[in-house]
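# Notes for the structure review
In case you want the letters, here they are:
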Amino acid sequence: MKRPKLRKASKRVSCSKRYKIQKKVREHNRKLRKEAKKKGVSKRPKKDPGVPSSAPFKEEVLREAEQRRLQIEEEKEKKRQAVKEERAKKRQKEKEPIKNETEPKAKRTRTDENGKKSERQKDKNSKEFICGEINKVIDASDVVFEVLDARDPLGCRCPQLEEAVLQRNKKLLLVLNKIDLVPKDNVEQWIKCLQKEFPVVAFKGSTLNQPTVKPKNRGVVANRTRVQVCFGNDFLTELLTEYAAKKETESLKVGIVGFPNVGKSSLINSLKGGQACNAGAQRGITKMMQEVNISKTVKLIDSPGILALPSSPPVVLALRSLLVEQGEENVLEAVRTLLKQCDKTQIMLQYMIPDFRNSLEFLTLFAKKRGFLQKGGVPNTHQAATTFLGDWTGAKLSYHCKVSERVLPPYLSDSVVEDLKNDWDLDKLNTGNETVLKGLKFSNPASSISFISKGPTDGLLSVGEITEVKPGAGLTEGETVQSEPQQIPEDPDAAKGEEKPEQTSQKKKPTTVQFTTDIALSESTAEGGYDFNKYF
């Protein structure tokens, strides 16, 4: 049964009562007005009549009044800002003790009595400190592993490092890492080419989801993905153990060196079977040497990445140096340099992007494709450039370089090569590489981008080696520096006046992108053909 609604009480009153209330309200208001009139307080503020038109010096009076008003507003604004700063300082003081209490003692910054950081922490990112750490690793090692990125093995080699290792009578071995990102035929050709100079080991490290402790039960097969599986770790550990037993040393120290982001820390983590060193897609994570025991007789030493010389080509600096992370180079310039070294069609197919005219248009399309949008739907080209550069330096994008025949460098000879190979069992080395290549899934040649290598990268092992950058330094044959379009003046006097700026511009450091020129094209433009740079 439906419940009946309750009737609300009526607000109606009798007329006599209503009139009585209205009369009392009028009397109350009249009383308040009389009291305000006696005190001289008016309810409505009087309007400023302003300066009359007949008053003398009216403009000066108005100007002074305006200045006074602005001065009062400035004082009020200063007071507001002072109050805000005091509140911010108070909040910061309240947060600092809480942060210091929660932070462990090992992570707290060591400070001197004056509150300044120690010299070791100050110079942690300096060139002197990094070069000193690399030299320490070479001196403390019995065997040195130079880790190479299989996508550009020749570009990851450092002649200065190899020469320094051989001068100190250390054994050098090349580790070809990230072989899963290169077609199989290309890996086999590079192994044959590099074996003419040094012993080579094919390797593929596990980069993600590494356990902190090695599992005890080896019979149980875990659910591994393609990224997690490691190839070549058992073979490399066995090779080092046999070499340590052959040399009869208590502890064989192996130094892991190479350029940034070639997989040095990932190699140590894979051989250890757990996360012993910090590793990631960001370049320059390792700052100091670190020793890791993988067995009773073998000890690995991690090292920071080698610094590339500033006189190297722009492509080398974009891939091998830390200029972008340190803020010395723009990310957009690095992307523009990489795009000029690749085939445009392969880039379009790899990133599923339509045709583009320049690097800025490519980054705009790439940002829209990945959803990198700012407020108002504007494409975030900086985020797109960072992602693109991370694909090339990290273990994600597949690209390869063609194998080219090389002559032995000056610091190598046939006798030195034979001595380096006699210390290792080459037959066992070749069989181990073959088993790694058989069990690994390689990249599809159709989806791999062809890249033009610039040859070995000059590295920095001591700060005294830095020299002034000369125009054209680091350029190979057939390369020139891009210059501004030069117009031919009709007036001969104007031509004489333009000779001086050209001479001064040759002394400046080249900051533009390098590219290969076509001889036939330059000849046609010289004969009076159509010059694109002249008319546009």
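First things first, this report covers the structure right here in the doc. Values in this document were obtained by computation on a predicted structure and should not be read as measured data. (Residues numbered from 1 in each chain as written. Predicted model: local features only at pLDDT ≥ 70, side-chain atom pairs only at ≥ 80, totals over all residues. Heavy atoms only, no water.)

So, about the sheet that holds strand β6 (residues 298-302). Read across the sheet, six strands follow the order β3-β2-β1-β4-β6-β5 without closing on themselves; strand pairing throughout is mixed. The open sheet terminates on both sides in strands that have one partner only, identified here as β3 (200-202) and β5 (290-293). Neighbour to neighbour, the strand axes of the sheet diverge by 25° on average, direction disregarded. The pairing of strand β2 (residues 171-177) with β3 spans three bridges and is parallel. Paired with Leu174 across the bridge in β3 is Val200. Along the sheet, helix α7 (residues 233-247) makes contact with β1 (143-149), β2, β3, β4 (252-257) and β6, crossing β4 at roughly 135°. (Pairing = 2+ DSSP bridges. Helix = DSSP H or I, 4+ residues; strand = E, 2+ residues; numbered from the N terminus. Axes fitted to C-alpha atoms, helices over the stretch in contact; angles between N-to-C directions. Contact = heavy atoms within 4.5 Å.)

Of all seven residues in β2, six are buried, a share of seventy percent or more. Pairing between β1 and β2: seven bridges, direction parallel. Residue pairing in the sheet places Asp149 in a bridge with Asn177 of β2. Since β1 and β2 lie parallel, the crossover through helix α5 (residues 159-167) that links them has a hand, and here it is right-handed. Since β2 and β3 lie parallel, the crossover through helix α6 (residues 184-194) that links them has a hand, and here it is right-handed. (Buried < 20%, exposed > 50% of the residue type's maximum accessible area, 1.4 Å probe, protein only. Right-handed = clockwise from strand over helix to strand, strands pointing away.)

Moving on to the nonpolar core. Counting residues in each nonpolar core, the largest one holds 104 residues, and the members touching the most others are Leu176, Ile179 and Trp392. With six residues, the top contributor of residues to this core is α7. Taken domain by domain, the makeup of this core includes at least three residues from each of domain 1 (127-207 + 228-310 + 401-443) and domain 2 (314-400). Aside from chain neighbours lying at most four places away, what touches Trp392 is Arg151, Leu319, Leu338, Cys342, Ile347, Tyr351, Leu397, Tyr399, Ile449 and Phe451. (Core = buried A, V, L, I, M, F, W, Y, C linked by side-chain atoms within 4.5 Å. Domains from an automatic or database assignment.)

Our next topic: a positive patch on the surface. On the surface, a cluster of positive charge is contributed by Lys23, Arg26, Arg30, Arg33, Lys34 and Lys38. With respect to the helices and strands, the residue Arg26 is situated in helix α1 (residues 15-39). (Patch = residues over 30% accessible without salt bridge, like charges linked within 9 Å, V, L, I, M, F, W, Y side chains within 5 Å. Areas by Shrake-Rupley, 256 points an atom, 1.4 Å probe, with all protein chains shown as cover. Salt bridge = Lys/Arg side-chain N within 4 Å of Asp/Glu carboxyl O. Lys, Arg positive; Asp, Glu negative; His and termini not counted. Charge placed at Lys NZ, Arg CZ, Asp CG, Glu CD.)

Take the packing of aromatic side chains next. A complete count under the given rule lists 12 aromatic pairs for this structure. Ring centres 6.4 Å apart and planes at 85° place the aromatic pair Phe366 and Phe372 in the edge-to-face group. According to the relative accessible area criterion, Phe366 is buried, its value standing at 0%. Between the NZ or CZ atom of Lys344 and the centre of the ring of Phe356, over which it lies, the distance is 5.3 Å. (Phe/Tyr/Trp six-rings, centres within 6.5 Å; stacked < 30°, edge-to-face > 60°. Lys NZ or Arg CZ within 6 Å of the ring centre and 35° of its normal.)

Taken as a whole and judged by the stated rule, the model has 16 salt bridges. Taking the shortest distance from any N to any O, the salt bridge between Glu66 and Arg69 comes out at 2.3 Å. With Glu66 and Arg69 both in helix α2 (residues 58-102) and three residues apart, this pair spans about one turn of that helix. Given the relative accessible area of 36%, Glu66 is considered partly exposed. Look at Arg69 and you get partly exposed, because its relative accessible area is 39%. Note that Arg336 and Glu333 form a salt bridge whose closest N and O atoms lie 2.7 Å from each other. Within this pair, Arg336 and its partner Glu333 are both found in helix α10 (residues 331-340), separated by three residues, close to a single helical turn. Residue Glu333 is classed as partly exposed on the basis of its relative accessible area of 29%. The structure contains a network of salt bridges with shared partners spanning Glu66, Arg69 and Glu73.

Among all positions in α5, only Leu161, Glu162, Ala164, Val165 and Leu166 are buried. Packed against the buried residues of α5 are α4 (127-140), β1, β2, β4 and α14 (414-422). Just beyond α5, the residue with positive phi is Asn169, at close to 60°.

Another aspect to go through is unusual backbone geometry. Backbone geometry places Asn169, a non-glycine residue, at a positive phi of 60°. Following the sequence through the fold, Asn169 ends up in the loop between α5 and β2. On the basis of relative accessible area, Asn169 is assigned to the exposed category, the value being 68%. Located in the positive-phi region is Met352, a residue other than glycine, with phi close to 55°. Along the chain, the position of Met352 falls in the loop between α11 (344-351) and α12 (359-370).

Tracing the backbone through its elements, the reader meets Ser398 in the loop between α13 (381-393) and β8 (399-401). On a C-alpha basis, the gap between Ser398 and Asn444 in space is 8.8 Å, while along the polypeptide they are 46 residues apart. Those residues in contact with Ser398 that sit more than four places away from it in its chain are Leu181, Val182, Ser443, Ser447, Ser448 and Ile449. A polar contact of 3.3 Å, which involves the side chain of Ser398, links it to the side chain of Ser448. (Polar contact = N/O pair within 3.5 Å; in protein donor to acceptor, adjacent residues only side chain to side chain.)

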